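Below are the chains, spelled out letter by letter.
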Amino acid sequence: MELKDSYDVMVVGAGPVGLFLAGELRRGGVDVVVVERLAERSQQIKAGSVGPTSAEVFDQRGLLDAFPKPDLSMFKGAPPLGHFAGLWVLRGAPELRTMPIFAQQPDVEAVLQTYVEAMGIPVVRGHEVTGLDGERVTVEHDGGATTVRAKYVVGCDGGRSTIRRLAGFGFEGTEATITGRQALVELAEPNPLQKGWHRTGTGMVVHGPGPQRVLTVEFDGPPADRDRPLDREEIEASLRRVTGTDVVVERLLTGTRWTDNTRQAISYRTSNVLLAGDAAHVHPPFGGQGLNLGFQDAANLGWKLAATVTGRAPEGLLDTYFEERAPVAAAALANTRAQIALMRPDPQTSALRELFAELLAYDEPNVHVSRLMTGVDRPYPMASDHPEAGRVAADRPVGDARLYELLRTPGGLLLDATADGAAGRIAAGRVRVEPGPESLLIRPDGIVAWGGEDLGGLEKALETWFGRA
C-alpha cells in the first residue's frame, strides 16, 4: 500500500492503541493513516487483558462480542477483576459494571485490525518515520524515503517511541531494577509448575491462565541486552532459578523481556505532535493496566483531535487531553512501583505482603484497590454534581434500545428527560438529542459531562465541550 501526499492525521504505530485511535479519528470525520515499522503484526505475548472501562467503550463501538473467549479454568468460580502484585482483587467497586476482556494482545490487535479495515483506514506496514519537520513527515521504506504532509502526527509507537524522541518530549521517571520474562512455551511432562501467581525466595513466577503462558520476575537488575531475542534456554533457566524445580521447556513459541522502567512524558503535545499509550507513559505490566490506559488515551484524544482538525472544537479543547489523562497515568505509574515493592523476595517484604493480603480480605480496602487499578478513582473534573459526571456512562435502557447502542453513532449525545424538551432545544445543532429516562450530556468518548435539571449548567457544559450554539 502506498502513502498519499497528505493526511489530516498520521498515527504512528499499528498496535492496539494506534488502531483504536485511528478508528476514533475516522468516526470524527478525519482523513487518517496508520504507519507501522514492522512488516507484519507482532505475535509476541504482552498484555493478557483489557480493563473494564475499556470493555465498556468497546461495547459502545459494537466490538465487545468480537473478542475471543479464553480458558479461565485456573480461576475457581468467577474470574477476579485483576491482581495487585500477584494478590487477586476479587470484589471491585460500584463503578465497575463490566468484567475485563481476558484476551491476549495479539487477539485484541486482530479484532481492531479488522475494525479499521472495515472503516477504510489504510494501515501501511514496513514503513518507519525517521523525520519530523512541522507538517512534513519523512517515512522510510524498502523503496527509499517519502515525504508526507500531515496536519497532526500521533505517536502510538510504544515505550521506546521514535516519535517521542524526534519531537523532543521530556520523559521523566525511574530506572529499571528488575528483569521480567514472559513467554508462550511447551513444557515437558511432568510439569512441576502450579497455575497462578507464586512468590518465591528469588522472585515471582506465573503459570496461566492459558496452559502455555509463563512469566518470571527476577530482582537482579535490568537485562544486559534488552534487544537480544529471548530464547528457550534463557526462559528455562529463569523458570528454574525462580521455582527451584527442574522444569523443562521443550519449545519456545514466543517471548519477550520487560523491566520496571517507569516514566511519563512531561507533556503529551508539542506543536502538531501528540503522544498516546506507551509512547506517553511506561510502567511494569502488573495488573494489566497498560492497554486500559492506552485505550482510554485514544478514546479521550480521538474525538478532541477530530473536532480540532475539522474546525468544530471550542478553544482549548485539545489541551484538555493532557489535563484529563496525565493524572490517571501518573497514578498507574505510582501503583505499579508499589507492586514492585510488594514482590521483593526479602523477609521485610514478606511481612508487608502478608499484612497487605489481610487488608485485601476486607471490602473497603479491596474496593479501594479495585478503583485504583482501573482508574475509576480519578474521574475527569466536570462542572456538574451528577454522580456519573467525569466517568464512562453506565449502560441503561433508552426507549427500545440500550444507551451503548445509541453511542455507536459518532458524536455527542443528550438524553432529554425534560417534560417540554427544553434541554433538547438548548443542545440542538451541537449534539444528537434522544428522549431518555434522565437528562444526561455524554461526550463522544462515553464520558458524562453533565446531568440533572440545571439547564444553565447544561449550556456551560455544551459550550465547554462542543462550542457555542
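Residues numbered from 1 in each chain as written. Predicted model: local features only at pLDDT ≥ 70, side-chain atom pairs only at ≥ 80, totals over all residues. Heavy atoms only, no water.

Colleague: Can you walk me through the overall build of the chain in this structure?
Modeller: Along its length, the chain carries 12 helices and 24 strands. For 469 residues, the compact-globule formula gives about 23 Å, and the C-alpha radius of gyration of the chain, at 23 Å, lands near that figure. Taking the principal axes of the C-alpha coordinates as reference, the chain spans close to 75 × 60 × 35 Å. Expressed as a percentage of the 469 residues in the chain, the buried residues total 54%. For the chain, long-range pairs separated by at least 24 residues make up 71% of all intrachain contacts whose partners lie at least 6 apart in sequence. Working note: accessible area of the chain is about 19,800 Å², and carbon and sulfur atoms make up 50% of it. In the chain, 49 positive and 62 negative side-chain charges are present, and the distance between their average locations comes to 1 Å. (Helix = DSSP H or I, 4+ residues; strand = E, 2+ residues; numbered from the N terminus. Rg over C-alpha atoms; globule rule 2.2 N^0.38 Å. Buried < 20%, exposed > 50% of the residue type's maximum accessible area, 1.4 Å probe, protein only. Contact = heavy atoms within 4.5 Å. Areas by Shrake-Rupley, 256 points an atom, 1.4 Å probe, with all protein chains shown as cover. Lys, Arg positive; Asp, Glu negative; His and termini not counted. Charge placed at Lys NZ, Arg CZ, Asp CG, Glu CD.)

Colleague: Explanation requested: helix α9 (residues 363-374) in the structure shown.
Modeller: Working note: α-helix, 3.6 residues per turn, so residues spaced by three or four point in the same direction. The terminal C-alpha atoms of α9 lie 17 Å apart, and with 12 residues this matches the ideal 16 Å at 1.5 Å per residue to within 8%. Looking at α9, one finds that the buried residues are Asn366, Val367, Val369, Ser370, Met373 and Thr374. Across the axial projection of α9, the buried residues extend over an arc of 165 degrees, all falling on one side. Its buried side turned inward, α9 meets α2 (52-60), β3 (82-84), β4 (87-89), α6 (290-309), α7 (319-343) and α8 (347-360). (Expected span 1.5 Å × (residues − 1). Arc of directions from axis to C-beta.)

Colleague: I'm lost on the sheet that holds strand β15 (residues 262-265) in this one. Help?
Modeller: Where strands meet in a sheet, backbone hydrogen bonds hold them as pairs that are either parallel or antiparallel. Strand order in the open sheet formed by 3 strands is β9-β15-β18, with antiparallel pairing between adjacent strands. Either end of the sheet is taken by a strand with one partner, and the two such strands are β9 (171-174) and β18 (281-282). Relative to β15, β9 is paired through 4 bridges, and the arrangement is antiparallel. Bridge assignment links Gly173 to a residue of β15, and that residue is Arg263. Its contacts with the sheet put α7 on β9, β15 and β18, and the angle it makes with β15 is roughly 170 degrees. (Pairing = 2+ DSSP bridges. Axes fitted to C-alpha atoms, helices over the stretch in contact; angles between N-to-C directions.)

Colleague: Mind showing me how you'd approach the nonpolar core here?
Modeller: Buried together is how nonpolar side chains tend to be arranged in soluble globular proteins. Of all hydrophobic cores here, the largest spans 67 residues; its most connected members are Val9, Met10 and Leu305. It is α6 that provides the largest number of residues to this core, a total of 8 residues. Those residues within four positions of Leu305 in sequence are excluded, and the remaining contacts are Val9, Leu25, Tyr152, Val154, Leu274 and Leu318. If you look at the next biggest cluster of nonpolar residues, it comprises 34 residues, including Leu317, Val328, Leu407 and Ala461. (Core = buried A, V, L, I, M, F, W, Y, C linked by side-chain atoms within 4.5 Å.)

Colleague: Any chance you could explain the sheet that holds strand β12 (residues 203-207) here in plain terms?
Modeller: Reading across from one edge, β11-β12-β13-β10-β14 is the order of the 5 strands in this open sheet, with antiparallel pairing throughout. The strands lining the two open edges of the sheet, one partner per strand, are β11 (196-199) and β14 (249-258). Strand-to-strand, the axes of this sheet are offset by a mean angle of 20 degrees, without reference to chain direction. As paired elements, β11 and β12 share 4 bridges and run antiparallel to each other. Looking at β12, one finds that Arg199 is bridged to Met204. Contacts between helix α5 (residues 232-243) and the sheet are confined to β10 (179-187), β12, β13 (213-218) and β14, with β13 contributing the most and set at about 65 degrees to the helix.

Colleague: Explain helix α3 (residues 105-118) to me, please; I cannot follow it from the model alone.
Modeller: Under the 1.5 Å per step criterion, the end-to-end length of α3 is 20 Å for 14 residues, consistent within 8% with the ideal 20 Å. Turning to α3, its buried residues number three or more, namely Gln105, Pro106, Val108, Glu109, Val111, Leu112, Gln113, Tyr115 and Val116. Those residues of α3 hidden inside the fold are in contact with α1 (16-27), α2, β5 (123-125) and α6. Positive backbone phi, at 80 degrees, marks Gly120, one or two positions downstream of α3.

Colleague: Where do I start with the side chain of His283 in this structure?
Modeller: Mapped onto the elements of the fold, His283 is located in the loop between β18 and α6. Relative accessible area serves as the criterion here: at 12%, His283 is assigned to the buried category. Contacts of His283, omitting those with residues within four sequence positions, involve Asn261, Thr262, Gln289, Gly290, Leu293, Leu333 and Thr336.

Colleague: I tried to follow the pairing of strand β8 (residues 144-155) on my own but got confused; where do I start?
Modeller: Remember that side chains alternate between the two faces of the sheet whenever the strand is regular. Note: strand β1 (residues 6-12) against β8, 6 bridges, orientation parallel. Bridge pairing in β8 places Ser6 opposite Arg149. Relative to β8, strand β7 (residues 136-141) runs antiparallel, the two being bridged by 6 bridges. Along β8, the bridge assignment pairs His141 with Gly144. Between β7 and β8, which pair antiparallel one after the other, the connecting turn spans 2 residues.

Colleague: Explanation requested: the packing of α1 against α3 in the structure shown.
Modeller: For any two helices packed against each other, the geometry is given by the interaxial angle and the distance between the axes. The N-to-C vectors of α1 and α3 enclose an angle of 25 degrees; their axes lie 9 Å apart at closest approach. One finds that α1 runs roughly parallel with respect to α3. Handedness of the α1/α3 crossing: left-handed. In this structure, α1 uses Pro16, Leu19, Phe20, Gly23, Glu24 and Arg27 to contact α3, whose residues at the interface are Gln105, Val108, Glu109, Leu112, Gln113, Tyr115 and Val116. For the contact of α1 with α3, the class distribution of residues is 7 nonpolar, 3 polar and 3 charged. (Parallel < 35°, antiparallel > 145°, perpendicular 65-115°, else oblique. Left-handed = near helix turned anticlockwise from the far one by under 90°. Nonpolar A, V, L, I, M, F, W, Y, C, P; charged D, E, K, R; others polar.)

Colleague: How do you make sense of the pattern of salt bridges when you look at a structure like this?
Modeller: If charged atoms from side chains of opposite charge come close, those side chains can pair. Under the criterion given, the structure shown has 29 salt bridges. The partner of Asp231 in a salt bridge is Arg228, with the nearest N and O atoms 4.0 Å apart. The class of Arg228 is partly exposed, set by a relative accessible area of 38%. Ionic pairing is found between Arg396 and Glu438, a salt bridge with its closest N-O pair at 2.5 Å. Here Arg396 is found in the loop between α9 and β19 (397-398), whereas its partner Glu438 is found in the loop between β22 (432-435) and β23 (440-442), with 42 residues between them in sequence. Using a relative accessible area of 12% as the deciding quantity, one classes Arg396 as buried. Of the residues examined, Glu438 reaches a relative accessible area of 28% and is grouped as partly exposed. (Salt bridge = Lys/Arg side-chain N within 4 Å of Asp/Glu carboxyl O.)

Colleague: Is there a simple way to think about the environment of Gly159 in this case?
Modeller: Examined against the element boundaries, Gly159 turns out to sit in the loop between β8 and α4 (162-167). For Gly159, a relative accessible area of 27% translates into the label partly exposed. With 106 residues separating them along the chain, Gly159 and Ala265 place their C-alpha atoms 11 Å apart. Ignoring anything within four residues of it in the chain, the contact list for Gly159 reads Arg164, Phe171, Asp278, Ala279 and Val282.

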